[in-house]
Amino acid sequence: MSTAASPSDSRESGGGAAPVLELKGVSKSFGAVQALYQVDFAVAPGQVMALVGDNGAGKSTLIKCIAGIHPISDGQIFFEGQPVDIHGPKDAAKLGIEVVYQDLALADNLDVVQNMFLGREEVSSLRRLDETGMEKKATDTLASLSVTTIRSVRQTVAGLSGGQRQSVAVAKAVMWNSKVVILDEPTAALGVAQTRQVLDLVRRLGQQGLAVVIVSHNLHDVFEVADHVTVLRLGQNVAEYRVADVTQTQIVEAITAGTLSKVPGQADAEVVTA
Amino acid sequence: MSATAPANTPSPAAATSAASDGLGDHARRWWADVRAGDLGSLPIFVGLIIIAIVFQSQNDRFLTSGNFVNLIVQAAAFIAIGMGIVFVLLLGEIDLSVGYVSGVAGSLTALLLLEDGASLPAGVAIAAALALGAAIGTLHGVLITKVGIPSFVVTLAGLIAWNGVVLLLIADRGTIVLQNDLVVGFSNDFLADGTAWIVAVAAAAIYAALLLNERRVRSAANLPTGPMSLTALRIATFAVILFAVVAIANQDRGIPFVLVVLAVLFLGWTFVLNRTRFGRHVYAVGGNAEAARRAGIDVDRVKIAVFAICSMMAALGGIILASRLRSVDPGAGGGQILLYSIAAAVIGGTSLFGGRGNIKSAVLGALVIASIDNGLGLLGLSSGTKFVVTGLVLLAAVTVDSVSRKGRAQSGRA
Ligand SMILES: Nc1ncnc2c1ncn2[C@@H]1O[C@H](COP(=O)(O)OP(=O)(O)OP(=O)(O)O)[C@@H](O)[C@H]1O
Ligand SMILES: [Mg+2]
């Protein structure tokens, strides 16, 4: 399949690197509902890829397929060029794919360190939790992301603001030498200042060489942090752009009226609106 | 943040600044937490002091060394069973079957020891009863997680069924008198005075070594350690309480053997809850099961293990009770065992809503309940009065929990 009509070479921040994560012809149906149809999608190291589309376009479904929550019906996922099968969240994590879910999935009664290491706690001798080591790593990770507003990493996350919680969830995702970080609507519930915090964080992830996928309904945010954007419409990839080459109006047009190729059985007819 | 403060210096110094705080800063922060609804063990200590003052003013036998030793022995079974209940409450679940599970374990132990029957060694009989307890809990856990029946229903069925099993086991024999010295000695033997002192001094020294070592490791890793005076205060408090207990108990019969067993269990389970992966996962499942699942934690396995632990501790409680009474009768496991054990955990400060609590709460709560029971007994008041007062104390404890939850919600810490 072609990468459609978008001028996708010479990525300014990706340095033209090969994609770390690539989906080819991925389809997913829930019974009669075709949630994804022949979707191609790729993201390279250092790239911040926005994934946009109307409600029900299939964005969350695409993410869940990558995260191993839904098995794909058709197509193939490649990681660092190799075809991979992802059967559950643990498989995805092993590859270095981390997802920040919209509802964050933090345990309110646990502190910042405990949440960041949840399910992957480190132990020293006698199967004793290595609290010192974990606290140090968590502090370092937060510092490397310039998260400075959290008073103590030993306070429970219940006492954190929305933006701080989001920062913790993101830090949790990047701590594991992850290569791909996927964020589902990370700013949806945040105020202006906190949105800024999180967007800065996302941009820094890209600068650090991670491949970042960010789902958002807010085109303003997309233009602010992303360098590439993929538009889904009714489960199909209808457009890919470099953010530098496109206007908000063009993206809105693609979201609402992007030309579909949906004639099942007649694949490879990818069309792009411009 | 006000304009006068240079907002958020871009260094991780904010996290390390706590190292230079003094004792006063810690006290202030603690008080702020209390006001925000994080009460910790504060209400229970206040409660114990009030209880001591009230009963002592009514009957000066309450605060005697003899009664102190009685109180420990009376509370022992509730402490053991309450420790198991704490695990279940941390998940936000409940176990109503612990009373009769303890009865089943007591009956089995008695039967296995019968001199005209199996006549097994004490160690084997106790191990068998504990294993049966763990098996019962595993069964409960599997029904709850794999079949999907609420724990309330599964353990309510257990409450009825295990009562039946007690009757099936020993109803035709009536009361079985325990004759094994070791099992009877479990609740009725005491440490020699000298031994008790050696154990106490060793325990205090180990506690001090652990705290100081933790400080050393943390400061080596450049992490905040809190003021040295706070560490010293904690060590001193621990030692003073421990030595006071030994000194008072030694004036009478001494430290009951069962107290040593409970102390070991207390340390062991506290270690499991606070310092192991499993314990961390228990808190996580109780706090947000979905988050735990997405973090790759096997939620069902954690729950099954917790119900197994709970029933095993209930079994131990049953053995302690049988040992104290030197016999088992068909009423074993009934009476106040279930309600007092759950009440102990809750009064001690473990939340019914899951995710908050610790093993210490079972110990403190059982002491409160045993004190009320014991004190009202000394005053010669009827069982009726005892139950009304205990019920009111439980209500007060749950009210404190609910109100402090609201406080946390208002201060954004719920
Ligand atoms: N588990 C499921 N079972 C059946 N249908 C599903 C399931 N999950 C998603 N769908 C369907 O797949 C389509 C895409 O849904 P998806 O959640 O991916 O949309 P989205 O792009 O994330 O929308 P939004 O912006 O509202 O979050 C929808 O038609 C939805 O009804
Ligand atoms: Mg969605």
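Positions within a chain are numbered from 1, following the residues in the order the chain's sequence is written. Chain letters and ligand numbers both follow the written order, the letters beginning at A and the numbers at 1. Confidence filtering applies because this is a predicted model: local features only for residues at pLDDT of at least 70, side-chain atom pairs given and counted only at 80 or more, and all residues used for totals across whole chains, interfaces and linings. Note that water and hydrogens are dropped before the side-chain values are worked out from all heavy atoms of the structure.

### Notes on the overall build of chain A
We apply this condition: Strands here mean DSSP runs of E at least two residues long; helices mean DSSP runs of H or I at least four residues long; both are numbered from the N terminus. Here's how the labels work: a residue is buried when its accessible area is under 20% of the maximum for its type, exposed when over 50%, partly exposed in between, all with a 1.4 Å probe on protein chains only. Contacts are assigned to residue pairs that have any heavy atoms within 4.5 Å of one another.
Per the secondary structure count, chain A includes 8 helices and 10 strands. Within chain A, buried positions represent 54% of all 274 residues. Sequence-distant contacts, at least 24 apart, represent 67% of the contacts inside chain A between residues at least 6 apart.

### Here's the deal with the sheet that holds strand β4 (residues 74–79) of chain A
All names here are of chain A. Note the cut-off: Any two strands are treated as partners once DSSP identifies two or more bridges connecting them. Under this scheme, a helix contributes an axis fitted over its contacting stretch, all axes are lines through C-alpha atoms, and angles between N-to-C directions fall in the 0 to 180 degree range.
As summarised here, the arrangement of the 4 strands in space is β2-β1-β4-β5, forming an open sheet in which the pairing is antiparallel. Pairing within the sheet leaves two strands with one partner each, and these edge strands are β2 (33–43) and β5 (82–84). On average, adjacent strands in this sheet sit at an angle of 30 degrees to one another, irrespective of strand direction. Note that β4 and β5 share 3 bridges and pair antiparallel. Each bridged residue has a counterpart across the sheet, and for Phe79 the counterpart in β5 is Gln82.

### Some details on the interface of chain A and chain B
Accessible area lost upon the coming together of the parts is a frequently used measure of interface size. Note the following rule: Accessible area that two parts lose when put together, evaluated with a 1.4 Å probe and summed over both, is termed the buried area. Salt bridges, as used here, are contacts in which a Lys or Arg side-chain nitrogen is within 4 Å of a carboxyl oxygen on Asp or Glu. Here a polar contact is recorded for every N or O atom pair within 3.5 Å, except that within protein the pair must consist of a potential hydrogen donor and a potential acceptor, and residues adjacent in sequence are included only if both atoms are side-chain atoms. Here the nonpolar group is Ala, Val, Leu, Ile, Met, Phe, Trp, Tyr, Cys and Pro; Asp, Glu, Lys and Arg are the charged ones; every other residue, Gly included, is treated as polar.
Opposite the 32 residues of chain A that make contact, chain B presents 35 residues. The contact between chain A and chain B buries some 2800 Å² in all, and 57% of this surface belongs to carbon and sulfur atoms. At the boundary of chain A with chain B, the tally comes to 2 salt bridges. Summed over the shared surface of chain A and chain B, the result is 9 residue pairs in polar contact (both at pLDDT 80 or more). Secondary-structure elements contributing two or more residues to the side of chain A that touches chain B are α2 (89–95) and α4 (131–144) of chain A. Here the side of chain A that touches chain B gets 7 residues from one element, more than from any other, and that element is α4 of chain A. Grouping the amino acids of the side of chain A that touches chain B by side-chain chemistry returns 13 nonpolar, 8 polar and 11 charged.

### Comments concerning the packing of aromatic side chains
All names here are of chain B. For clarity, the threshold we go by: Only Phe, Tyr and Trp rings are paired, with Trp represented by its six-membered ring, and only when their centres lie within 6.5 Å; those with planes under 30 degrees apart are stacked, over 60 edge-to-face, the remainder tilted.
Applying the stated criterion across every chain yields a total of 7 aromatic pairs over all chains. Centroid distance Phe55 to Phe62: 5.2 Å. Interplanar angle 45 degrees. Geometry classified as tilted. Owing to a relative accessible area of 7%, Phe55 belongs among the buried residues under this scheme. By relative accessible area, which is 6% here, Phe62 ends up buried. On the basis of an interplanar angle of 55 degrees and a centroid distance of 6.0 Å, the ring pair of Trp197 and Phe243 is categorised as tilted. One end of the pair, Trp197, is in helix α9 (residues 193–220); the other, Phe243, is in helix α10 (residues 228–251), and 46 residues separate them in sequence. In this structure Trp197 comes out as partly exposed when scored by relative accessible area, which is 34%.

### With respect to the confidence of the model for chain B
Residue and element names in this part refer to chain B. Rules: Each residue carries a pLDDT score, the predictor's own confidence in it, on a scale running from 0 to 100.
Within chain B, residue pLDDT values average 87, and 92% of them lie at 70 or more. Predicted confidence for residues 1–19 stays below pLDDT 50, and this span has 19 contacts to residues more than four positions away or in other chains. Confidence estimates for the predicted assembly give a pTM of 0.83 and an ipTM of 0.81.

### Some points on the site of ligand 1
Residues and elements named next belong to chain A. Defined as follows: Any residue with at least one heavy atom within 4 Å of a molecule or strand is counted as near it. Here, Shrake-Rupley sampling with a 1.4 Å probe gives the accessible areas, and only protein chains in the shown set may cover a residue.
Neighbouring ligand 1 are Phe30, Ala35, Asp54, Asn55, Gly56, Ala57, Gly58, Lys59, Ser60, Thr61 and His217. The separation between an oxygen atom of ligand 1 and a polar main-chain atom of Gly58 is 2.8 Å. The contact in question runs from an oxygen atom of ligand 1 to an N or O atom on the side chain of Thr61, over 2.5 Å. Protein coverage of the free-state accessible area of ligand 1, which is 640 Å², stands at 60%.

### What about the pattern of salt bridges?
Residue and element names in this part refer to chain A. Within this structure, the stated rule accounts for 22 salt bridges over all chains. Ionic pairing is found between Asp108 and Arg165, a salt bridge with its closest N-O pair at 3.0 Å. Here Asp108, found in the loop between β6 (97–100) and α3 (112–116), pairs with Arg165, found in helix α5 (residues 162–174); they are 57 residues apart in sequence, far enough to count as distant. Asp108 gets classed as partly exposed once you look at its relative accessible area, which sits at 26%. With its nearest N and O atoms 3.9 Å apart, the salt bridge here joins Lys136 to Asp140.

### Observations concerning helix α4 (residues 65–90) of chain B
Residues and elements named next belong to chain B. To keep things clear, this is the line we draw: To estimate how far a helix should extend, the number of its residues minus one is multiplied by 1.5 Å. Bending is quantified residue by residue as the angle between axes fitted to the seven-residue window ending at that residue and the seven-residue window starting at it.
End to end, α4 covers 35 Å across 26 residues, agreeing with the expected 38 Å (1.5 Å per residue, within 8%). Of all the bends in α4, the greatest measures close to 40 degrees and is centred on Ala76. When you tally the buried positions in α4, you get 23 out of 26 residues, the bulk of the element. Following α4 by one or two positions, Gly92 adopts a phi angle in the positive range, close to 80 degrees.

### Some words on helix α14 (residues 299–325) of chain B
Taking 1.5 Å per residue as the helical rise, α14 of chain B with its 27 residues ought to reach 39 Å, and the 39 Å between its terminal C-alpha atoms agrees with that figure. Across the 27 residues of α14 of chain B, 21 count as buried, placing the element largely inside the fold.

### Things to note about the confidence of the model for chain A
All names here are of chain A. Within chain A, residue pLDDT values average 84, and 89% of them lie at 70 or more. A low-confidence stretch, residues 1–15 stays under pLDDT 50, and its non-local contacts, those more than four residues away or across chains, total 31 contacts. In this model residues 263–274 is a low-confidence stretch, pLDDT under 50, and it forms 28 contacts with partners more than four residues away in sequence or in other chains.

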